Amino acid sequence: MDSKSSEAVVGPRSEDVLPSSTTAAVKIVIVGGFGVGKTTLVRSVSEIRPLTTEETMTQAGATVDDNTGVERKTATTVAMDFGRISLNEELVLYLFGTPGQQRFWFLWNGLFDGALGAVVLVDTRRLEVSFDVIGRLEEAGVPFVVAVNAFPEAPGYPVEELRSALDLPESVPIVVCDARRRESSRDVLMTLMHYLRSLTVAPAATS
């Protein structure tokens, strides 16, 4: 007997299937304060339809979330964002974007588990929201790079001034990006992977 429901069952979309040449898949977390562009970055760079958990911001949330500088923001991540990108034929990155509000930070520990590294997105108008984020990564021992999301109205600063303001060692890369642009977001991830590679080869070079 024919069944309309059985005819509706389809397999995975072709873009969701990993290439047969893939030999390594790693977990990367995208972190940062509230409204710095984490969801935008994941969306712009993901080769699959990204999973997002955005909800409309309410007046009730305004009493607990500091939206200074992002007053026009109308939605916020409440669990995580998820995407995937193949950097080459063999290496795939799974991207996990974290919520920025402090009330959702209890979710971070689980998202950090198994992560090879992290991207810290910052907004130069609100550098202070990045301090606790960087501190949590350092406590967890997760290596990271800093990506300055170049909002049109945000002031620009020399890298060394940003490094000093964020109290970062010289070894931690700082790059400027536009999270809306796929190429720019991909360059950030490439910077992270080069940095992670340097951490693995540095001990051998000095031994």
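Above this text sits the structure in question.
Residues numbered from 1 in each chain as written. Predicted model: local features only at pLDDT ≥ 70, side-chain atom pairs only at ≥ 80, totals over all residues. Heavy atoms only, no water.

1. Things to note about the overall build of the protein
Logical step 1: Broken down by element type, the protein carries 7 helices and 8 strands.
Logical step 2: The buried share of the protein, reckoned over its 207 residues, is 43%.
Logical step 3: In the protein, of all internal contacts separated by at least 6 residues, the share reaching a separation of at least 24 is 75%.
Logical step 4: Approximately 11200 Å² of the protein is accessible, and the part contributed by carbon and sulfur atoms is 54%. (Helix = DSSP H or I, 4+ residues; strand = E, 2+ residues; numbered from the N terminus. Buried < 20%, exposed > 50% of the residue type's maximum accessible area, 1.4 Å probe, protein only. Contact = heavy atoms within 4.5 Å. Areas by Shrake-Rupley, 256 points an atom, 1.4 Å probe, with all protein chains shown as cover.)

2. Describing unusual backbone geometry
Logical step 1: A positive phi is found at Asp167, a non-glycine position, where the angle reads about 55°.
Logical step 2: Residue position: Asp167 is located in the loop between helix H6 (159–166) and strand S8 (174–177).
Logical step 3: The class for Asp167 is exposed, based on a relative accessible area of 65%.

3. Structural notes on H6
Logical step 1: Taken residue by residue, H6 has Leu162, Arg163 and Leu166 as its buried positions. The buried residues of H6 occupy an angular sector of 100° when the element is viewed end-on, so they sit on one face.
Logical step 2: Those residues of H6 hidden inside the fold are in contact with helix H5 (131–140), strand S7 (144–149) and S8.
Logical step 3: Positive backbone phi, at 55°, marks Asp167, one or two positions downstream of H6. (Arc of directions from axis to C-beta.)

4. Here we look at the sheet that holds strand S6 (residues 115–122)
Logical step 1: Pairing within the open sheet is mixed, and its 6 strands lie in the order S4-S5-S1-S6-S7-S8. Both edges of this open sheet fall to strand S4 (81–86) and S8, since each of them pairs with a single strand only. Mean inter-strand twist for the sheet, computed between neighbouring axes without regard to direction, equals 25°.
Logical step 2: Summarising the sheet, S6 and S7 pair through 5 bridges and their orientation is parallel. (Pairing = 2+ DSSP bridges. Axes fitted to C-alpha atoms, helices over the stretch in contact; angles between N-to-C directions.)

5. What about the pairing of S6?
Logical step 1: Here S6 lies mainly inside the structure; 7 of its 8 residues are buried.
Logical step 2: For strand S1 (residues 24–32) and S6, the ladder comprises 6 bridges, and the chain directions are parallel. Pairing of Val31 across the sheet is with Val120, part of S6.

6. A word on the pairing of S4
Logical step 1: Across the 6 residues that make up S4, a large majority, 6, are buried.
Logical step 2: Burial along S4 is two-sided: the residues Asp81, Gly83 and Ile85 and Phe82, Arg84 and Ser86 are all buried.

7. Quick notes on the nonpolar core
Logical step 1: Residues Ile28, Leu93, Val120, Phe144 and Leu189 are the most contacted members of the largest nonpolar core, which totals 49 residues.
Logical step 2: Among residues more than four places away in sequence, those in contact with Phe144 are Ala118, Val120, Ile134, Leu137, Glu138, Leu168, Val172, Pro173, Leu192 and Tyr195. (Core = buried A, V, L, I, M, F, W, Y, C linked by side-chain atoms within 4.5 Å.)

8. Some points on the pattern of salt bridges
Pairing is possible between side chains that carry opposite charge, provided their charged atoms lie close to one another.
Logical step 1: Counted under the stated rule, the structure contains 8 salt bridges.
Logical step 2: Across the pair Arg163 and Glu160 runs a salt bridge, and its minimum N-O distance is 3.7 Å. With Arg163 and Glu160 both in helix H6 and 3 residues apart, the pair spans about one turn of that helix.
Logical step 3: Owing to a relative accessible area of 44%, Glu160 belongs among the partly exposed residues under this scheme.
Logical step 4: Across the salt bridge formed by Arg163 and Glu170, the nearest N and O atoms sit 3.8 Å from each other.
Logical step 5: Judged by its relative accessible area of 8%, Arg163 is buried.
Logical step 6: Note on Glu170: relative accessible area 60%, which makes it exposed.
Logical step 7: Within this structure, Asp123, Arg125, Arg126 and Glu153 form a network of salt bridges that share partners. (Salt bridge = Lys/Arg side-chain N within 4 Å of Asp/Glu carboxyl O.)

9. Looking at the packing of aromatic side chains
Logical step 1: What the rule picks out here adds up to 2 aromatic pairs.
Logical step 2: Pairing Phe82 with Tyr94 gives two aromatic rings, centres 5.9 Å apart and planes at 15°, and the pair type is stacked. Remark: Tyr94 occurs in strand S5 (residues 91–97) and Phe82 occurs in strand S4; sequence separation between them is 12 residues.
Logical step 3: One aromatic cluster is present, formed by Phe82, Tyr94 and Phe96 through successive ring pairs. (Phe/Tyr/Trp six-rings, centres within 6.5 Å; stacked < 30°, edge-to-face > 60°.)

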